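Structural overview
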Amino acid sequence: MSIQLTDITNIPVSTTALVHAPAANTAAVITITGVTGKTLILTRVICSYDGDPTGGNLTVKNKTAVVFNIDLVASGVYEFSIVRKCTQAENLVVTLAAGGTGVSGKLNIEYILVD
């Protein structure tokens, strides 16, 4: 077995972080619009609920295809080092489900755009 390492120090990238913290019992949704000629790479998701959620869930979609999905069953902070490469010019949608009555959620993501 051989592993090829690639030097990525000179790849032109821009890093962006986005946050959505809606009112209680409202889904937190971040949509990143695809860019022609650039590849979007999701690198990290941090989310939280301030109380035990009812139906807590985190979903990542590339256009309409679900590429990551996990149930979140307790209050607290969740961090995922999710590395997902998205199809060029396709939207990426990250959704933290509504937490239920009186439960607020926060969603933070980081991604890079590569030429």
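Residues numbered from 1 in each chain as written. Predicted model: local features only at pLDDT ≥ 70, side-chain atom pairs only at ≥ 80, totals over all residues. Heavy atoms only, no water.

**Points about the sheet that holds strand 5 (residues 65-71)**
The 4 strands lie next to each other as 2-8-4-5, forming an open sheet whose pairing is antiparallel. Across the chains shown, the open sheet's two edge strands, defined by having one partner strand only, are strand 2 (28-32) and strand 5. Taken pair by pair, the neighbouring strands of this sheet meet at an average axis angle of 10°, ignoring direction. Bridge analysis of strand 4 (residues 57-62) against strand 5 gives 6 bridges, and the strand direction is antiparallel. (Pairing = 2+ DSSP bridges. Helix = DSSP H or I, 4+ residues; strand = E, 2+ residues; numbered from the N terminus. Axes fitted to C-alpha atoms, helices over the stretch in contact; angles between N-to-C directions.)

**Observations concerning the pattern of salt bridges**
On inspection of all chains with the given rule, the structure shows 3 salt bridges. A salt bridge links Glu-79 to Arg-44; its shortest N-O distance comes to 2.8 Å. Of this pair, Glu-79 sits in strand 6 (residues 76-80) while Arg-44 sits in strand 3 (residues 39-49), and the two are 35 residues apart along the sequence. On the accessibility criterion, Glu-79 (48% relative accessible area) is partly exposed. Across the salt bridge formed by Arg-44 and Glu-110, the nearest N and O atoms sit 2.9 Å from each other. With Arg-44 in strand 3 and Glu-110 in strand 9 (residues 105-114), this pair connects stretches of sequence that are 66 residues apart. The exposure class of Arg-44 is partly exposed, given its relative accessible area of 27%. (Salt bridge = Lys/Arg side-chain N within 4 Å of Asp/Glu carboxyl O. Buried < 20%, exposed > 50% of the residue type's maximum accessible area, 1.4 Å probe, protein only.)

**Section: the nonpolar core**
Counting 25 residues, the largest nonpolar core has Leu-58, Leu-107 and Ile-109 as its most contacted members. Taken together, the elements giving at least two residues each to this core come down to strand 2, strand 3, strand 4, strand 6, strand 8 (92-96) and strand 9. Among the elements that make up this core, the one with the highest residue count is strand 3 (5 residues). Apart from residues lying up to four places away in sequence, Leu-58 is in contact with Val-45, Cys-47, Phe-68, Asn-69, Ile-70, Leu-72, Phe-80, Val-94, Thr-95, Leu-96 and Leu-107. (Core = buried A, V, L, I, M, F, W, Y, C linked by side-chain atoms within 4.5 Å. Contact = heavy atoms within 4.5 Å.)

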